[in-house]
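Chain by chain, the residues:
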Amino acid sequence: MRYAETGYNLEIDLSRGNIERVETDPRLTELHLGGLGTSTRILWDRVAPETEPFSPENLLIFSSGLLCGTPAPGCNRTIVSTISPQTQLMAYSMMGGFWAPELKYAGYDKVILRGKSPNLVYLWINNDKVEIRDASHLRGKGSNETAELLRQELKEPNAQVAAIGLAGENRVYFASIEQGRSSASRGGIGAVMGDKGVKAIVVRGTKDINIARPVEYMGLCSDVLRYIHDREQKPIPGVMPILAGLGSPQEMRLIDEEWHTTNFMWGNSRTRRKDFWTKEIEEKWRETQESTRTRLISCYNCPMKCAATISVPGISTYMMKCFSKLTYTMAAYSDLDFGFRIAQRATEYGVDGFSAPQVMAFALELREAGILKDQDMQGMPTDSEGKFYWLLDRIVRREGIGDVLANGTYWAAKQIGNGAEEFAHNNIKKQEQLPLKLGMLNPVYFLMYSTGEKINITQIEGQFPQAPFLTKEETEEFMKDWIQVPDEKFKDYLRKWEMRGEFSNPNYPDIQASCDIVDWQEMMHYIDDALGMCAGLSSFPLKPPYHIHNYPDFISSATGFNVDEAGLTKITKRNRTLVRAFNVRRGMRRADEKPPEDHWKKRFPELEAKLLDAYYKFKGWDDQGIPTKESLKELDLAYVAEDFEKRGIIQNGKN
Ligand code: SF4
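Now for a description of the structure that goes with this document.

The rules behind these values
Residues numbered from 1 in each chain as written. Predicted model: local features only at pLDDT ≥ 70, side-chain atom pairs only at ≥ 80, totals over all residues. Heavy atoms only, no water. Pairing = 2+ DSSP bridges. Helix = DSSP H or I, 4+ residues; strand = E, 2+ residues; numbered from the N terminus. 1 Å grid on protein atoms, 1.4 Å probe; cavity = no way out; pocket = protein on both sides within 12 Å on 5 of 7 lines; lining within 4 Å. Points joined across faces, edges and corners; volume = space filled by probe spheres on them. Nonpolar A, V, L, I, M, F, W, Y, C, P; charged D, E, K, R; others polar. Core = buried A, V, L, I, M, F, W, Y, C linked by side-chain atoms within 4.5 Å. Buried < 20%, exposed > 50% of the residue type's maximum accessible area, 1.4 Å probe, protein only. Contact = heavy atoms within 4.5 Å. Near = heavy atom within 4 Å. Sits in = over half its atoms within 2 Å of the grid points. Axes fitted to C-alpha atoms, helices over the stretch in contact; angles between N-to-C directions. Salt bridge = Lys/Arg side-chain N within 4 Å of Asp/Glu carboxyl O. Parallel < 35°, antiparallel > 145°, perpendicular 65-115°, else oblique. Left-handed = near helix turned anticlockwise from the far one by under 90°. Expected span 1.5 Å × (residues − 1). Arc of directions from axis to C-beta. Disulfide = S-S within 2.5 Å.

1. Concerning the pairing of strand β2 (residues 18-23)
In the sheet, strand β1 (residues 8-13) pairs with β2 via six bridges, with the strands oriented antiparallel. The partner of Ile12 across the bridge, within β2, is Ile19. In sequence, β1 turns back onto β2 through a hairpin of four residues, with Gly17 there showing a positive phi of about 70°.

2. Quick notes on the layout of surface pockets
Within this model, the largest pocket holds a volume of roughly 1,100 Å³. Among the secondary structure elements, those contributing two or more residues to the lining of the largest pocket are α8 (241-244), α9 (258-263), β18 (438-440) and α17 (443-451). Residue composition of the lining of the largest pocket, by class: 27 nonpolar, eight polar and seven charged.

3. Let's talk about the nonpolar core
With 162 residues, the main nonpolar core has Phe62, Leu113, Ile125 and Ile201 as its most contacted residues. Element by element, the count of residues in this core is highest for helix α20 (residues 511-531), at ten residues. Filtering out sequence-adjacent residues up to four positions away, Ile125 remains in contact with Leu10, Leu103, Ala106, Tyr108, Val111, Val130, Ile201, Val202, Val203 and Arg204. With 28 residues, the next largest nonpolar core counts Leu36, Ile42, Ala641 and Phe644 among its residues.

4. Brief notes about the site of the ligand
The immediate surroundings of the ligand are formed by 13 residues, with Arg77, Cys299, Cys302, Cys306 and Cys534 found nearest. Under a 2 Å grid-point criterion requiring more than half of the atoms, the pocket assigned to the ligand is the second largest cavity. Class assignment of the residues belonging to the shell around the ligand gives a composition of six nonpolar, four polar and three charged.

5. Considering the sheet that holds strand β13 (residues 293-297)
The sheet built from three strands is open, its strands ordered β13-β14-β15 with antiparallel pairing. On the outer flanks of this sheet lie β13 and β15 (318-320), each paired with one strand and no other. Each adjacent strand pair in this sheet contributes to an overall mean axis angle of 30°, direction not counted. Contacts between helix α12 (residues 336-349) and the sheet are confined to β14 (307-310) and β15, with β15 contributing the most and set at about 115° to the helix.

6. Quick look at the sheet that holds β1
Here six strands make up an open sheet; going across it, the order is β2-β1-β6-β3-β4-β5 and the pairing mixed. Every other strand in the sheet has two partners, leaving β2 and β5 (90-95) as the edge strands with one partner each. This sheet shows a mean twist of 15° between the axes of neighbouring strands, independent of strand direction. In this structure, strand β3 (residues 60-64) lies alongside strand β4 (residues 78-83), joined through four bridges in antiparallel fashion. Within the sheet, the bridge partner assigned to Ser64 lies in β4 and is Thr78.

7. Structural notes on empty space enclosed by the protein
Under the counting rule described, the total for this entry stands at nine cavities of 30 Å³ or more. As a volume, the largest cavity reaches approximately 730 Å³. Taken together, 40 residues form the lining of the largest cavity, with Ser183, Ser185, Lys321, Cys322 and Phe354 sitting closest to its centre. Contributions of two or more residues to the lining of the largest cavity are made by β5, β11 (183-184), β15, α11 (324-331) and α12. Looking at which element gives the most residues to the lining of the largest cavity, the answer is β5, with four residues.

8. Considerations on the environment of Ile61
Note that Ile61 resides in strand β3. By relative accessible area, Ile61 is classed as buried at 0%. If sequence neighbours within four positions are ignored, Ile61 has contacts with Ser39, Ile42, Leu43, Ile79, Val80, Ser81, Lys110, Val111 and Ile112.

9. Regarding the pattern of salt bridges
Evaluated as defined, the whole model comprises 58 salt bridges. For the salt bridge of Glu11 with Arg46, the shortest nitrogen-to-oxygen distance reads 2.9 Å. Of the two residues, Glu11 sits in strand β1 while Arg46 sits in helix α2 (residues 35-46), which places them 35 residues apart along the sequence. When its relative accessible area of 10% is taken as the criterion, Glu11 is described as buried.

10. Describing the packing of α20 against helix α22 (residues 565-585)
As a packed pair, α20 and α22 sit with axes 9 Å apart at the nearest point and diverge in direction by 90°. Judged by the inter-axis angle, α20 sits roughly perpendicular to α22. Across from Glu522, Met523, Tyr526, Ile527 and Ala530 in α20, the residues of α22 making contact are Leu568, Thr569, Thr572, Asn575, Arg576 and Val579. A breakdown of the residues in the contact of α20 with α22 according to their chemical character gives six nonpolar, three polar and two charged.

11. Description of the packing of helix α13 (residues 355-368) against helix α16 (residues 408-416)
Two numbers describe how α13 lies on α16: the axes approach to 10 Å, and their chain directions differ by 25°. Considering their axes alone, α13 and α16 lie roughly parallel with respect to each other. For α13 against α16, the interelement crossing comes out right-handed. Contacts from Gln358, Val359, Phe362 and Leu366 of α13 reach α16 at Gly408, Thr409, Ala412, Ala413 and Ile416. Its residues assigned to classes, the contact of α13 with α16 comprises six nonpolar, three polar and no charged.

12. Comments concerning helix α10 (residues 279-292)
The end-to-end C-alpha separation of α10 is 20 Å, in line with the 20 Å expected for 14 residues at 1.5 Å each. Within α10, burial applies to Ile281, Glu282, Trp285, Thr288, Gln289 and Thr292. Down the axis, α10 shows its buried residues gathered within 130° of arc, on one side only. Of the exposed residues in α10, the ones pointing more than 90 degrees away from its buried face are Lys279, Glu280, Glu287 and Ser291.

13. Overview of unusual backbone geometry
In this model, Asn505 is joined to Pro506 through a cis peptide bond whose omega is 10°. In this fold, Pro506 is placed in the loop between α19 (489-496) and α20. At Ala4, a residue that is not glycine, the phi angle is positive and equals roughly 70°. For Ala4, the location among the structural elements is in the segment before β1. Overall, Ala4 belongs to the buried group, its relative accessible area being 0%. Unlike most non-glycine residues, Lys305 shows phi in positive territory, near 50°.

14. Some thoughts on the state of the cysteines
Tallied over the full model, the rule gives zero disulfides. Looking at the unpaired Cys75, the closest cysteine sulfur is the one in Cys68, lying at 4.4 Å. In this model Cys221 remains outside any disulfide bridge; the closest cysteine sulfur is found in Cys75, 9.3 Å from its own. According to the relative accessible area criterion, Cys221 is buried, its value standing at 4%.

Any functional reading would require information that these geometric values do not contain.
Structure, rendered in structure tokens:
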């Protein structure tokens with residue numbers, strides 16, 4: 001009997017219309033757990049490095065995490081992975097909501113799509129019955145609209161639907177996959193779904209999941225629920241409000257946006273507005289938020305309620321959470337009301353709420369600078385908000401200049417030329433980032449941004465405070481019950497860290513401390529992504545309920561494997577290294593690992609080079625960021641080393 005996982009994947013060949021239920025190898029679960037881990041292994045084994053994102057040979061994998069569908073609170077992530085049209089590297093984007101648990105209840109761990117359907121289709125997974133169905137009547141429909149129409153058509157009000165909108169159908173490089181209560185947005189995975197001719201995947205499942213030691217497991221789940229409850233009563237003093245509690249940043253609850261509106265750049269990462277936030281704005285935004293937020297909602301089996309349903313008069317209700325509350329507003333130098341309105345249209349079109357506003361603001365800057373001409377913008381309204389709606393409509397339809405902008409700022413700038421590349425100044429590995437520009441280089445963030453391959457800052461940072469506390473007392477108070485640290489040395493690192501002076505950024509955390517901190521944070525994200533755990537209850541917030549000390553018990557009692565901390569650390573390192581190896585095989589090298597030039601005002605090229613050298617070494621990679629033969633062997637990845645040797649990535653047994 002298989003525990004925690006179902007032991008079956010659905011393999012769907014869209015070119016041939018073939019559907020297979022395939023039993024998986026339990027040994028791979030022991031090596032990689034599930035979710036991102038096993039998906040990366042499938043991509044490594046089956047997608048050759050020359051494969052283009054829009055090739056039929058590219059796979060699009062929808063995976064549940066190993067513990068999804070079990071009673072572990074907050075364990076509901078769907079991990080979608082493929083080759084990104086934006087970065088040409090592996091994209092892996094997570095969505096919360098309800099889809100992954102439903103897939104497990106239908107009897108599958110993953111849905112693996114290959115080939116391309118000649119016509120637009122949707123997939124209907126109803127327990128053992130799986131069909132590829134015509135979706136021509138859904139062409140051009142919004143993502144939420146599609147979900148609603150399909151639930152009615154199938155007479156299944158409880159089915160979970162992951163769908164693309166017009167942006168995905170038209171292969172916009174920052175198209176998302178939307179799922180009612182969440183979305184998988186980064187890396188243009190919606191474009192790959194559209195390219196494969198799949199409008200939606202509908203799932204309904206009513207089966208059970210087996211747990212190896214259920215009584216023990218339920219005890220662990222109760223402990224976590226109790227901890228969440230207690231932790232919610234104790235917000236952490238001395239940190240910004242969105243980081244004081246648990247969950248995704250609680251944007252739908254919070255009104256106070258002074259930190260974001262003051263510290264993030266407006267427009268296309270262009271201007272900081274230090275005096276924007278006033279009492280009047282706060283009152284106005286409170287009224288907007290409270291009058292449009294109809295209710296706070298949670299993902300599957302989670303008490304946190306991080307998201308909200310938003311109902312703006314005259315347009316249909318949609319879900320919002322996290323920082324997408326501000327991305328359109330700030331890109332357009334506008335108001336919260338505008339942000340809520342345009343986000344509804346953008347959600348129906350299915351675009352990434354981080355990239356889309358940046359691309360539109362980039363276009364307007366190019367117009368102002370005379371790089372884009374009147375003829376490029378014919379028919380564009382004169383008011384700022386009207387311009388954003390106009391651009392959004394053109395981008396998702398790939399009409400006129402929208403066809404160029406639909407490829408994101410990196411590719412669009414190359415295509416436009418004439419100095420446009422100067423304006424695409426916010427990219428990491430060819431993908432737009434959050435418009436955060438800071439003063440002094442933070443060595444921990446430098447390493448996370450440079451080497452992270454998830455291309456989403458909120459999915460890299462985590463359990464170590466983002467800045468030192470202002471007083472010694474606050475630091476000591478914080479450390480009293482900091483049980484999540486893997487090692488006491490992290491307390492010393494925090495204790496020593498100061499706002500100013502010898503032990504402040506950029507020289508402190510020092511190189512060793514920076515490597516340790518980044519490694520810890522990254523490890524937690526990779527565990528979450530294999531298990532399907534929401535980062536909001538584990539890798540992202542301070543003092544979360546899940547951590548390196550209780551995860552081995554969760555995994556062991558759910559699966560029946562005996563995993564301890566050292567074993568889990570090794571599995572995670574294996575998964576992380578395999579993602580790197582996959583991207584290295586696609587050509588990623590040290591030169592690609594750099595944050596935007598203007599991310600920090602003050603840069604320290606020598607220190608940055610030393611940090612990168614040290615981190616690569618620490619991870620078992622060579623000076624180009626390529627995993628060494630020895631480190632691959634240690635992680636049972638000798639087949640990767642062999643492949644590297646065959647391709648000349650490693651020569652004469654040496655990197
Ligand atoms: S913490 Fe928030 S985002 Fe995470 S599962 Fe719970 S409700 Fe969803």
